[in-house]
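For reference, the chains in residue letters:
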Amino acid sequence: MDIFNEKEKLTQTIIELKKQNKTIGFVPTMGALHDGHMSLLNVSKAQNDYTIVSIFVNPTQFNNPDDLKKYPRTEEKDIELLIKNGCDFVYMPSVSDLYEENEKAKHYDFGTIDKVMEGSSRPGHFDGVATVVSKLFNIVQPTKAYFGEKDFQQIRIIQEMVKQEKLDVEIVPVSIYRAVSGLALSSRNARLSSKQLNDAPQIYEILSKAVALKSEGKDVAEIKHFVEKEFAQSPFELEYFEITNEETLLSIEHFEEAKNVRGFVVAYAGDIRLIDNIKF
Ligand code: PAF
């Protein structure tokens, strides 16, 4: 596996691959890699000649400088895991390889999709994500890029950015990778105590019960009420549960309002913010 720290060197390799008509799969990450990331790598490997993973903790997507400082950095372990899983290339740039000095995130107009849920709780976050992913796509020039559906809103943002900037890359959403218990894998799970880890699968259990209620004919308001009640009896503090149109990410009142509907939850285990979602 080749590791690149500078875009110029990576670009030379990419030019060579493109000359040979090779397809390039790309998995952008912020490191602290786990099996969820490896599932993205595996889908990419199955669909492309070569796969590039980037590891970059992007400063412009953190609205809280303390979160940026505290973000887990496990480079050596990440590299070992990538070698073990057969990754071809890793791009691990420094901030100055991607940003000019004092450069800020670009300001995008995403309509409604960055105003709701994670967009309203983390102002500026999605501008930062779109800015760095656009920079990375321009360097890596991937045929396809892979993103986990745990951050479903992020996928919608990236799809819009790609449309607005007319980039020639296919965005491939990959299903949430869950532990056998049902818990969605996340770098933040490493911070859970063993009691919290034991309790955390309740989040997916509640979401699954919510979907079952829809099959029994219950509508949005009843299901939201059910989820709120279940969280009130759980060890987690619910920040929000929204049932939305997958396209606009706007809340719906009745299931017949949208063809594709998804429920999104954010809940705290102590000070650890956990997110999950499920298709209805
Ligand atoms: O999902 C992430 O890890 C990040 O938001 C991403 C897409 C790598 C951009 O920094």
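Computed from a predicted structure; not experimentally measured. (Residues numbered from 1 in each chain as written. Predicted model: local features only at pLDDT ≥ 70, side-chain atom pairs only at ≥ 80, totals over all residues. Heavy atoms only, no water.)

**Regarding the overall build of the protein**
The number of helices and strands found in the protein is 11 helices and nine strands. A compact globule built from 280 residues should have a C-alpha radius of gyration of about 19 Å, and the protein, at 19 Å, falls within 12% of that. Out of the 280 residues belonging to the protein, those deemed buried represent 51%. (Helix = DSSP H or I, 4+ residues; strand = E, 2+ residues; numbered from the N terminus. Rg over C-alpha atoms; globule rule 2.2 N^0.38 Å. Buried < 20%, exposed > 50% of the residue type's maximum accessible area, 1.4 Å probe, protein only.)

**Some details on a nonpolar patch on the surface**
Taken together, the side chains of Met1, Ile3 and Ile83 present a nonpolar region at the surface, about 260 Å² in accessible area. With respect to the secondary-structure elements, Met1 resides in the segment before β1 (2-4). A residue is classified by how much of its surface remains accessible, and Met1, at 34% relative accessible area, is partly exposed. (Patch = residues over 30% accessible without salt bridge, like charges linked within 9 Å, V, L, I, M, F, W, Y side chains within 5 Å. Areas by Shrake-Rupley, 256 points an atom, 1.4 Å probe, with all protein chains shown as cover. Salt bridge = Lys/Arg side-chain N within 4 Å of Asp/Glu carboxyl O.)

**Details of the sheet that holds strand β8 (residues 261-269)**
Neighbouring strands of a sheet are bound in pairs by backbone hydrogen bonds; such pairs are parallel or else antiparallel. Ordered by their spatial adjacency, three strands build an open sheet running β7-β8-β9, and the pairing between neighbours is antiparallel. Strand pairing shows two members of the sheet lacking a second neighbour, β7 (237-245) and β9 (272-279), which therefore form its edges. The sheet shows a mean angle of 15° between the axes of neighbouring strands, direction not considered. Two elements, β8 and β9, share eight bridges in a ladder whose sense is antiparallel. Residue pairing across strands places Phe264 opposite Asn277, the latter belonging to β9. The strands that helix α11 (residues 220-232) touches are β7 and β8; relative to β7, the one it contacts most, it runs at about 160°. (Pairing = 2+ DSSP bridges. Axes fitted to C-alpha atoms, helices over the stretch in contact; angles between N-to-C directions. Contact = heavy atoms within 4.5 Å.)

**Brief notes about unusual backbone geometry**
Across the chain, the bulk of peptide bonds are trans and the bulk of non-glycine residues have phi less than zero. Within the chain, Asn102 stands out as a residue other than glycine whose phi angle is a positive 60°. For Asn102, a relative accessible area of 65% translates into the label exposed. With a phi close to 45°, Met117 is a non-glycine residue in the positive phi region. Within the secondary structure, Met117 is located in the loop between α5 (95-98) and α6 (118-121).

**Some words on the site of the ligand**
Around the ligand lies a shell formed by Pro28, Thr29, Met30, Asn58, Gln61, Val132, Phe147 and Gln154. In the environment of the ligand, an oxygen atom lies 2.6 Å from a nitrogen or oxygen atom belonging to the side chain of Gln61. Within the side chain of Gln154, a nitrogen or oxygen atom sits 2.7 Å from an oxygen atom of the ligand. For the ligand, the protein covers 88% of the area, taking 290 Å² as the surface of the free molecule. Split by residue class, the shell around the ligand holds four nonpolar, four polar and no charged. (Near = heavy atom within 4 Å. Polar contact = N/O pair within 3.5 Å; in protein donor to acceptor, adjacent residues only side chain to side chain. Nonpolar A, V, L, I, M, F, W, Y, C, P; charged D, E, K, R; others polar.)

**Structural notes on the side chain of Glu160**
Within the secondary structure, Glu160 is located in helix α8 (residues 152-164). Look at Glu160 and you get buried, because its relative accessible area is 16%. Look past the residues within four positions of Glu160 in its chain and what remains in contact with it is Phe110 and Ile113.

**So, the UniProt feature "binding site: beta-alanine" (unreviewed entry) in the protein**
UniProt records the feature "binding site: beta-alanine" (unreviewed entry) for Gln61 in the present numbering. Within the secondary structure, Gln61 is located in the loop between β3 (50-55) and α3 (65-70). Judged by relative accessible area, which is 8%, Gln61 ranks as buried. Discounting residues that sit within four places of it in the chain, Gln61 has contacts with Met30, Arg122, His125, Gly128, Val129 and Val132. (UniProt positions renumbered as here; feature names shortened; annotations may be inferred.)

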